[in-house]
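Topology and contacts: notes
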Amino acid sequence: MPSYLPFPTELIYLSGFAEIVCGSLLLPQKSRRIGAWLTIALLIAVFPANVQMVFNEFENKGLLFYAAIARLPFQFLMIWWVYRFTK
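What comes next concerns the included structure.

**Some words on the environment of Arg71**
Here Arg71 is to be found in helix H3 (residues 64–83). For Arg71, the residues in contact, after removing those within four places along its chain, are Asn50 and Met53.

**Details of the nonpolar core**
With 5 residues, the main nonpolar core is built from Ala36, Ile40, Leu43, Ile79 and Val82. Those elements giving two or more residues to this core turn out to be helix H2 (32–59) and H3. If you tally residues by element for this core, the top one is H2, at 3 residues. When near neighbours in sequence (up to four residues on either side) are disregarded, Ile79 contacts Ile40, Leu43 and Ile44.

**Some thoughts on the layout of surface pockets**
By volume, the largest pocket amounts to about 650 Å³. Elements that contribute at least two residues to the lining of the largest pocket include exactly helix H1 (8–26), H2 and H3. The greatest single-element share of the lining of the largest pocket, amounting to 10 residues, is contributed by H2. Split into classes, the residues belonging to the lining of the largest pocket amount to 20 nonpolar, 5 polar and 3 charged.

**A closer look at the side chain of Gln75**
Checked against the element boundaries, Gln75 lands in helix H3. Owing to a relative accessible area of 2%, Gln75 belongs among the buried residues under this scheme. Sequence-distant contacts of Gln75, that is, excluding residues within four places in its chain, are made with Leu43, Val46, Phe47 and Asn50.

Conventions and cut-offs
Residues numbered from 1 in each chain as written. Predicted model: local features only at pLDDT ≥ 70, side-chain atom pairs only at ≥ 80, totals over all residues. Heavy atoms only, no water. Helix = DSSP H or I, 4+ residues; strand = E, 2+ residues; numbered from the N terminus. Contact = heavy atoms within 4.5 Å. Core = buried A, V, L, I, M, F, W, Y, C linked by side-chain atoms within 4.5 Å. Buried < 20%, exposed > 50% of the residue type's maximum accessible area, 1.4 Å probe, protein only. 1 Å grid on protein atoms, 1.4 Å probe; cavity = no way out; pocket = protein on both sides within 12 Å on 5 of 7 lines; lining within 4 Å. Points joined across faces, edges and corners; volume = space filled by probe spheres on them. Nonpolar A, V, L, I, M, F, W, Y, C, P; charged D, E, K, R; others polar.

Have a look at this one:
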């Protein structure tokens with residue numbers, strides 16, 4: 001979680017709850033379109049935290065540094081994939 005955001009623990013729980021809600025909205029056909037738009041918004045909203053993870057792992061010389069870097073492009077791939085459900 002980026003250090004400039006207040007209440008990091010609460011934001012982590014909130015984002016996890018939002019992921020569950022968005023995923024649940026993607027399941028039924030009737031709510032799939034709104035669920036897709038909300039999922040896209042969520043993926044964009046959590047992107048700074050994923051970038052922060054790259055910086056943290058680089059500073060800590062952690063093995064997860066390369067995994068954190070590899071994760072970033074997948075965020076865009078997921079946005080594209082979910083966008084297909086908005087139609």
